[in-house]
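Residues per chain are reported as follows:
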Amino acid sequence: MRALRLPAGFEWGISTSAFQIEGASAADGRTPSVWDTFCAQPGRIAGGDRPDPGCDHYHRWKDDVDLLAGLGVDSYRFSVSWSRVLAGGRAANPRGFAFYDRLVDALLAAGIEPVVNLFHWDLPQDLQDAGGWRSRDTAYVFAEYAEKLATALADRVTRWSTMNEPFEHFGLGHVLGFHAPGQNLTGVAAFSVAHHLLLAHGLGVRAVRAGGARQVGLINSYAPVRPVNGGGDGAAACALDAIQNRLFTDPVLLGEYPAGLDAFEMDPASKPVRSGDLEIIAAPLDFLGVNYYNVLAVSAPEPADPLPFRLAELPGFDRTASGWPVVPDGMRETLVMLKDRYRDALPPLYVTETGAAYDEKPDADGFCDDFERVAFLASHVEAIAEAVASGVDVRGAMLWSLLDNFEWAEGFSQRFGLVHVDFQTAQRTPKASYYWYRDLIRGVTP
Ligand code: BGC
């Protein structure tokens, strides 16, 4: 790896999410989320995997704080299970709050800054039954949750994000139906989900600030889009760019919906948008979180295709175990794209996720040589440094993820952790990438 040139104080962190690691789905008064319901439906999750106990972080959190301390990260970003702290999404559950209280205190005692994300796709099932994100009320209930949580933790937690990757939750969960809640919405119904997620974000920003939070942001996923056949597929590339890269960013940073949503039969002038909503959605932010995994290639749709683009193979790149192309320069391109597109409206950036699935296992001596992940992470960190060198204000990088975990519809079949988890025993074994990252943080050039 080349010596990195990053500003002093550049923050190194790592991310997880509640549903992917906690297990303990019925412990201490936790109520079901849409993901519990979805996982119980036959055929939804690869191999029929069930998330509980999985990593069982709810019971093994002390071990995980020790792993974080050994890694030497400056910050740890985790999400809170709404269904754990508020039964049914509304009624305070003191035992749920106590779990995050203990976690935050232990992190601080270990010298690690806790960074709290409020929503990583696990809507309480009771709220889904009341209409989910198609209902405007859900955005207001989210704001109540946000304020309650900030009131409980903001004395010790400085940095908050309202939600992680609303685009994936919208697209995979509500349009394509591959994720919970497994819906296949189109037109105004689909658009109402996107708008209510954005409204929840804006109301959530106000609410966490009212609860005492000092820094608030949003975490989005971004992917440069490449037309496979050059100009001929340009319209398809623009359509995917509008929805993947702009739908959840333009309203937040510019106070307006992007052009091009009509290709999806989504109309920003339609009923879900009420006067004043965009002002709420565009509440000023202290940071934008950027999740980057790969570049997307598209071709023009076939006449029978439901979407105005067709995803295509990007030839000429190595692939991870998820089949995703490894394109480190897409990280630099994404960060520069955000700076060029939003200019003065862009708050400071943090890379809040990047990582890769590979299938390595510990050998007889317990050594897990995930050299491919090390190469992936090193090249993506170098790409962040290149973006910083070209003037993008990136304050830190958080890798995905601490542990092998429940990879949504892929179950346990895809491992993104710097720490291997044996899902029979929940035993944790740091991989070579864990030691590589520890040395990078310590300033040891590999
Ligand atoms: C999500 C994570 C997920 C990761 C790898 C991101 O889209 O925020 O929850 O595990 O990608 O697929």
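If you're wondering where the values come from, they're calculated on a predicted model, not measured in any experiment. (Residues numbered from 1 in each chain as written. Predicted model: local features only at pLDDT ≥ 70, side-chain atom pairs only at ≥ 80, totals over all residues. Heavy atoms only, no water.)

### A look at the overall build of the protein
And step 1. On a plain count of helices and strands, the protein comes out with 15 helices and 15 strands.
And step 2. The C-alpha radius of gyration of the protein comes to 21 Å, within 12% of the 22 Å expected for a compact globule of 446 residues.
And step 3. Counting only C-alpha atoms and orienting by the principal axes, one finds that the protein spans roughly 60 × 50 × 45 Å.
And step 4. Out of the 446 residues belonging to the protein, those deemed buried represent 61%.
And step 5. Long-range pairs, those at least 24 residues apart, make up 77% of the contacts in the protein between residues at least 6 apart in sequence. (Helix = DSSP H or I, 4+ residues; strand = E, 2+ residues; numbered from the N terminus. Rg over C-alpha atoms; globule rule 2.2 N^0.38 Å. Buried < 20%, exposed > 50% of the residue type's maximum accessible area, 1.4 Å probe, protein only. Contact = heavy atoms within 4.5 Å.)

### Details of the site of the ligand
And step 1. Around the ligand, a shell composed of Q20, H120, W121, N164, E165, Y293, W324, E353, W400, E407, W408 and F416 is seen.
And step 2. Within the contact set of the ligand, an oxygen atom lies 3.3 Å away from a side-chain nitrogen or oxygen of W400.
And step 3. Measuring from an oxygen atom of the ligand, one finds a side-chain N or O atom of W408 at 2.9 Å.
And step 4. Its residues assigned to classes, the shell around the ligand shows six nonpolar, three polar and three charged. (Near = heavy atom within 4 Å. Polar contact = N/O pair within 3.5 Å; in protein donor to acceptor, adjacent residues only side chain to side chain. Nonpolar A, V, L, I, M, F, W, Y, C, P; charged D, E, K, R; others polar.)

### Observations regarding helix α8 (residues 166–175)
Turn by turn, an α-helix covers 3.6 residues, leaving residues three or four places apart pointing in a common direction.
And step 1. Counting buried residues along α8, eight of its ten residues qualify, which places the element largely inside the surrounding structure.
And step 2. Within α8, burial applies to P166, F167, E168, H169, F170, G171, G173 and H174.
And step 3. Packed against the buried residues of α8 are β5 (113–119), β6 (159–164), α9 (187–210), β7 (215–222) and α10 (234–246).
And step 4. A positive backbone phi angle near 75 degrees is found at G177, which sits one or two residues after α8.

### Quick word on the sheet that holds β6
And step 1. As summarised here, the arrangement of the eight strands in space is β1-β2-β5-β6-β7-β9-β12-β13, forming a closed barrel in which the pairing is parallel. Mean inter-strand twist for the sheet, computed between neighbouring axes without regard to direction, equals 25 degrees.
And step 2. Summarising the sheet, β7 and strand β9 (residues 287–292) pair through six bridges and their orientation is parallel. Counted as the bridge partner of Y222 is Y292 from β9.
And step 3. Where helix α13 (residues 329–342) meets the sheet, its contacts fall on β7, β9, β12 (349–353) and β13 (394–400), and the angle it forms with β9 comes to roughly 150 degrees. (Pairing = 2+ DSSP bridges. Axes fitted to C-alpha atoms, helices over the stretch in contact; angles between N-to-C directions.)

### Focus: the sheet that holds strand β10 (residues 296–299)
And step 1. Within the open sheet, the three strands sit side by side as β8-β10-β11. Their pairing is mixed. Looking at the sheet topology across the chains shown, the edges are occupied by β8 (225–227) and β11 (310–312). Taken pair by pair, the neighbouring strands of this sheet meet at an average axis angle of 45 degrees, ignoring direction.
And step 2. Bridging between β8 and β10 involves three bridges; their strand directions are parallel. Bridge pairing links V225 to L296 in β10.

### Digging into the pattern of salt bridges
And step 1. With the rule as written, the count across this model stands at 26 salt bridges.
And step 2. For D286, the salt bridge identified is with R209, shortest N-O distance 2.9 Å. Note that D286 is positioned in the loop between α12 (277–281) and β9 and R209 in helix α9, a separation of 77 residues in sequence.
And step 3. On the basis of relative accessible area, D286 is assigned to the partly exposed category, the value being 29%.
And step 4. We note a salt bridge from R438 to D439, for which the minimum N-O separation is 3.3 Å. (Salt bridge = Lys/Arg side-chain N within 4 Å of Asp/Glu carboxyl O.)

### Comments concerning the pairing of strand β15 (residues 427–430)
And step 1. Pairing analysis gives four bridges linking strand β14 (residues 419–422) to β15, with the strands arranged antiparallel. Looking across to β15, one finds that D422 is bridged to Q427.
And step 2. Between the end of β14 and the start of β15, which pair antiparallel, lie four residues, with A426 showing a positive phi angle near 65 degrees.

### Observations regarding the nonpolar core
And step 1. Of all hydrophobic cores here, the largest spans 143 residues; its most connected members are W35, W82, L149, W160, F170, L335 and Y437.
And step 2. When residues of this core are assigned to their parent elements, the largest contribution, 13 residues, is made by α9.
And step 3. With sequence-adjacent residues up to four places away left out, F170 is seen in contact with V175, A190, V193, A194, L197, I243, L247, F248 and M266. (Core = buried A, V, L, I, M, F, W, Y, C linked by side-chain atoms within 4.5 Å.)

### What to know about the pairing of strand β2 (residues 75–79)
And step 1. The buried fraction of β2 amounts to five of the five residues, a majority that puts the element mostly inside the structure.
And step 2. Sheet analysis places strand β1 (residues 11–15) next to β2, joined by three bridges and oriented parallel. Along β2, the bridge assignment pairs S15 with R77.
And step 3. With five bridges connecting them, β2 and β5 associate as parallel partners.

### Considerations on the side chain of Q244
And step 1. Locating Q244 in the fold gives a position in helix α10.
And step 2. Within polar-contact distance, the side chain of Q244 engages the side chain of S221 at 3.3 Å.
And step 3. Other than its neighbours up to four places away in sequence, Q244 contacts F167, E168, S221, Y222, A223 and L296.

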